[in-house]
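# A look at the structure
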Amino acid sequence: MEVTQRVSEQEKVISLTNITKYYPMADEDFYALKNINLTINKNEYIAITGPSGSGKSSLMNILGCLDHASSGEFYLSGKNIANHDENTLAKIRNKAIGFIFQSFNLLPRMSVLHNVMQPLVYRFISNAQRVALASEALTRVGLAGKLSSLPNQLSGGQRQRVAIARALVTKPAIILGDEPTGNLDSKTTAEIMAMFDTLHQQGHTIILVTHEQEIADHCHRVIRLVDGEITSDISKNVQHSENNHEQRSLYA
Amino acid sequence: MRNFIHASIEGSKAALQSIFSHAMRSALTTLGIIIGVSAVITVVAVMSGLSANISKQLDDLGSDMVTIKAYTSPNQEMLGFFNRMSFDDFLALKGKIKNIDDITVRIPPFSLGSKVQFGRNSSQTQIIGTDSSYKNVINIYPELGRFLSSSDDLRRRRVVFIGSSLVKKLKMPENPIGEFIKLSGDWFRVIGVAETRGSLFGFDQDNYIITPFSTIRSLNGNQVTDNVEVLFRPKASAKLSDIIVQMRQILRQRHKLSEDDGERFEFVTAEKTKEQFTSITTSVTLVASGVVGISLLVGGIGIMNIMLVSVTERTKEIGIAKALGATPQFILMQFLMEALVLSLFGGIIGLILGYGLAALIAVFMPGSSSVIVPLWAIWLSFGFTTTIGVVFGLAPAVKAAKLHPVDALRYE
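Just so it is clear, the structure is predicted and the values come from calculations on it, not from any experiment.

## Brief notes about the overall build of chain B
- Helix and strand counts for chain B come out as 16 helices and 14 strands.
- A globule of 412 residues ought to have a C-alpha radius of gyration of about 22 Å, yet chain B, at 33 Å, is considerably larger.
- Viewed in the frame of its principal axes, chain B has a C-alpha envelope of about 105 × 55 × 40 Å.
- Across chain B, the fraction of contacts at a sequence separation of at least 24, relative to all contacts at a separation of at least 6, is 83%.

Structure representation (structure tokens):
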């Protein structure tokens, strides 16, 4: 029993081999990513960090199936998806990836409930099921009472929680946050980070792209990119609860 | 297929939401279509109403009635000729042609003096000199009194059968039978009043006086009566073309025409008159429809223009939808549906407006009491607006579907 669980914990979710991304320029191609090799296992809690222009956004776009790599292999849950067309990629995004953005990216004209239901619109399920799943996800982030509110009636932290609910509603393989606390004050940042911690404890695989050291320190594995290359990949002792506690106190 | 249906249904939901959340913009976008469709429907409805009215009136006249008139070709006219058909021609036809129910003669309308007097009141009217068979040929029925009888013909009685508007125009008693009216200095007794026919193109069809041909002849001499028209109704079993051939032969013989001489008589059937009217109304409808068709095209371009702006404006929204898993196909359907729904809404509103407008016109325009929107016009407008929605919605929809998710998400 113990053994099987440990094997499943080591299950590969993402595997990148020699991923390169370049943008054609007038004189010389610009390489955003150079031969990235990376493996991400299930239930990892990862920060991708680095200065501006280091390629972390490019990497996030590729991990999120929003963009194709120029070359290299990308396995997601064991399937090579490097050469899929846009229709297939959209379906993969819908099924496997939950996005959380810096600017929340909620639709202003839609209620909280409808915002969370949106990813389910692209699936063949009934409206009743969509409402049930979305309500459940909103309950998980503590917004069960705000179903019919509009996003602009909520605080920044609440909006980001709606976005988290929207990411969770499809039960994705990975949750991908792009500077998820970039627009939030420190108190709200602590709240949101606590929520990521909880999600991680519940078994979710979380990847956060950030340039804030505090956020990176929160994660259990920190991948640092400089000029399109991985310069460090440090895993911390995840069992050390004292460490967690110490980090949390940073935001208190 | 399942994907397509799913995308259509969810796409239309999203489209409806987007249309109603920008109600004002949507209304302005589809205004071109509304105006175009309502214009088409109005024109078609009024013309169809008019056309149906004319057909009905012509049917009332008797659809199988034939009028024979002398015909002068433009060439002859320039040479100073004027062909006539005489009373003797009529008698010759009457005696020789077997396959006809009734045949009658009349002095062409408006060739006699037109002033009529009753007491101190006078009016202008149309005087028709004919015989007692006339009522059988052109379906004219008395409301009061009786029509001309054969003894009126025979005895050259000074009697008249009048149209119903004359009773009002001359301020005659409600039952004018037995009253006397004055026509070019002679007194005539009213023996009957016709049933009301109504007006056609604003032209009063009940303003006429019918008096015996023989009486006119005795009062005016041969000069007026040597140019007549012959009206007849063929037997139901007979073939009209055979009768016409036969009649033409008799007339040409009587007028000593050789084979080289052109046509001197024309045979006008009610069917032919109806065809002429129909061709007029059809061409008016077509021309008008063509003109408004252009306005529909402009309306379609309006939709495309606003949709293109809307795609740019909603780039971020499209990016989010794509990140959340909307396929290009789905986005395409959503925008296509939006264009389609917009133009269909325009079509429906235009249809209702057009019908209302046509009904309003019918109230003010005499002779088109009924408004008819033919089913084909409804299908045509819907077909046209659907086509416009799809054709002009396609470019913006493709633009939206092709947006790259990363670029769209980054768009501010």
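## Here we look at the overall build of chain A
- A count of helices and strands for chain A gives nine helices and ten strands.
- A total of 252 residues make up chain A; the buried ones form 43% of that total.
- A sequence separation of at least 24 residues applies to 69% of the contacts in chain A between residues at least 6 apart.

## Let's talk about helix α3 (residues 86-96) of chain A
- Of the residues making up α3 of chain A, those classed as buried are Leu89, Ala90, Arg93, Asn94 and Ala96 of chain A.
- In this structure, the buried residues of α3 of chain A make contact with β4 (71-76), β6 (97-100), α4 (112-121) and β7 (174-178) of chain A together with α13 (315-323) of chain B.

## Brief notes about the sheet that holds β7 of chain A
Residues and elements named next belong to chain A.
- If you walk across this open sheet you meet the six strands as β6-β7-β8-β3-β9-β10, and the pairing is mixed. Both edges of this open sheet fall to β6 and β10 (229-235), since each of them pairs with a single strand only. When the angles between neighbouring strand axes are averaged without regard to direction, this sheet yields 15 degrees.
- As paired strands, strand β9 (residues 221-226) and β10 are joined by six bridges and run antiparallel to one another. Its bridge partner being in β10, Leu225 is matched across the sheet by Ile230.
- With respect to the sheet, helix α6 (residues 156-168) is in contact with β6 and β7, its orientation differing from that of β6 by roughly 170 degrees.

## Description of the interface of chain B and chain A
- Listed per partner, the contact involves 16 residues of chain B and 18 residues of chain A.
- Of all the elements in the fold, those that place two or more residues in the side of chain B that touches chain A are α1 (2-21), α13, α14 (328-364) and α16 (405-410) of chain B.
- Counting residues per element, the side of chain B that touches chain A draws most heavily on α13 of chain B, which supplies four residues.
- Among the residues making up the side of chain B that touches chain A, the classes are represented as eight nonpolar, five polar and three charged.

## Digging into the pairing of strand β3 (residues 45-49) of chain A
Residue and element names in this part refer to chain A.
- Burial analysis of β3 places five of its five residues in the buried class, the great majority of the element.
- Sheet topology places β3 next to strand β8 (residues 205-210); five bridges connect them, and they run parallel. By the bridge assignment for β8, Ala47 is matched with Leu208.
- As paired elements, β3 and β9 share four bridges and run parallel to each other. The residue of β9 that forms the bridge with Ile46 is Arg221.

## A short note on the sheet that holds β4 of chain A
All names here are of chain A.
- Strand order in this open sheet of four strands is β2-β1-β4-β5, and the pairing throughout is antiparallel. What marks the edges here is a single partner per strand, and that holds for β2 (30-41) and β5 (79-80).
- One ladder, built from eight bridges, connects strand β1 (residues 12-23) with β2; its direction is antiparallel. The residue bridging Tyr23 from the neighbouring strand is Phe30, located in β2.

## Topic: the packing of helix α12 (residues 270-313) of chain B against helix α15 (residues 375-402) of chain B
Residue and element names in this part refer to chain B.
- One way to put it is that α12 packs onto α15 with a least axis distance of 9 Å and a crossing angle of 25 degrees. In terms of orientation, α12 lies roughly parallel with respect to α15. Where α12 crosses over α15, the two elements pack in a sense that is right-handed. Residue-level contacts link Leu296, Gly299, Gly300, Ile301, Ile303, Met304, Met307, Leu308 and Val311 of α12 to Phe384, Ile388, Val391, Phe392, Gly393, Ala395, Pro396, Lys399 and Ala400 of α15.

## Focus on the nonpolar core
- The biggest cluster of nonpolar side chains holds 126 residues, and the ones touching the most others in it are Val116 and Ala165 of chain A.
- Counting residues per element, this core draws most heavily on α14 of chain B, at 15 residues.
- Look past the residues within four positions of Ala165 of chain A in its chain and what remains in contact with it is Val116, Ala137, Leu138, Arg140, Val141 and Leu143 of chain A.
- Formed by 44 residues, the second largest nonpolar core is a distinct cluster that contains Met65, Phe90, Ile140 and Leu148 of chain B.

## Topic: the pairing of β4 of chain A
All names here are of chain A.
- As paired elements, β1 and β4 share five bridges and run antiparallel to each other. Directly across from Ile14, in β4, lies its bridge partner Leu76.
- Across two bridges, β4 lies against β5 in antiparallel orientation. Its bridge partner being in β5, Leu76 is matched across the sheet by Lys79.
- The antiparallel pairing of β4 with β5 creates a hairpin that spans two residues between the two strands, and Ser77 there sits at a positive phi of about 50 degrees.

## Some thoughts on the environment of Leu403 of chain B
- Take Leu403 of chain B: it is sitting in the loop between α15 and α16.
- Each C-alpha atom of the pair Leu403 of chain B and Phe384 of chain B lies 29 Å from the other, and the pair is 19 residues apart in sequence.

## Brief notes about the confidence of the model for chain A
Residues and elements named next belong to chain A.
- Taken over all residues, the pLDDT of chain A has a mean of 87, while the share at 70 or more is 90%.
- Confidence over residues 1-9 falls short of pLDDT 50; this stretch has three contacts with residues more than four positions distant or in other chains.
- Overall, residues 240-252 carries pLDDT values under 50, and its contacts beyond four positions in sequence, including any with other chains, amount to nine contacts.

## Examining the domain arrangement of chain B
- The domain boundaries assigned to chain B delineate domain 1 (2-58 + 276-410) and domain 2 (72-263).
- Each of domain 1 of chain B and domain 2 of chain B has a C-alpha centre, and these two points are 54 Å apart.

## Some thoughts on the environment of Asp233 of chain A
- Structurally, the position occupied by Asp233 of chain A is in strand β10.
- Sequence separation between Asp233 of chain A and Leu113 of chain A is 120 residues, and the spatial gap between their C-alpha atoms is 38 Å.

## Digging into unusual backbone geometry
Residue and element names in this part refer to chain A.
- Unusually for a residue other than glycine, Lys171 sits at a positive phi of about 50 degrees.
- Residue placement: Lys171 occurs in the loop between α6 and β7.
- The class for Lys171 is exposed, based on 11 C-beta atoms found within 10 Å.
- Positive phi outside glycine occurs at Asp227, with the angle close to 50 degrees.

## Focus on the environment of Lys272 of chain B
- Tracing the backbone shows Lys272 of chain B in helix α12.
- It is 9.6 Å that separates the C-alpha atoms of Lys272 of chain B and Val66 of chain B, two residues lying 206 residues apart in sequence.

## Details of the confidence of the model for chain B
- Averaged over every residue, the pLDDT of chain B is 85; residues scoring 70 or more account for 95%.
- Among the scores for the predicted complex, ipTM is 0.87 and pTM is 0.71.

Calculation notes
Residues numbered from 1 in each chain as written. Chains lettered and ligands numbered in written order. Predicted model: local features only at pLDDT ≥ 70, side-chain atom pairs only at ≥ 80, totals over all residues. Helix = DSSP H or I, 4+ residues; strand = E, 2+ residues; numbered from the N terminus. Rg over C-alpha atoms; globule rule 2.2 N^0.38 Å. Contact = placed C-beta atoms within 7 Å. Buried ≥ 20, exposed ≤ 12 C-beta atoms within 10 Å, placed from the backbone. Pairing = 2+ DSSP bridges. Axes fitted to C-alpha atoms, helices over the stretch in contact; angles between N-to-C directions. Nonpolar A, V, L, I, M, F, W, Y, C, P; charged D, E, K, R; others polar. Parallel < 35°, antiparallel > 145°, perpendicular 65-115°, else oblique. Left-handed = near helix turned anticlockwise from the far one by under 90°. Core = buried A, V, L, I, M, F, W, Y, C linked by C-beta atoms within 7 Å. pLDDT = per-residue confidence, 0-100. Domains from an automatic or database assignment.

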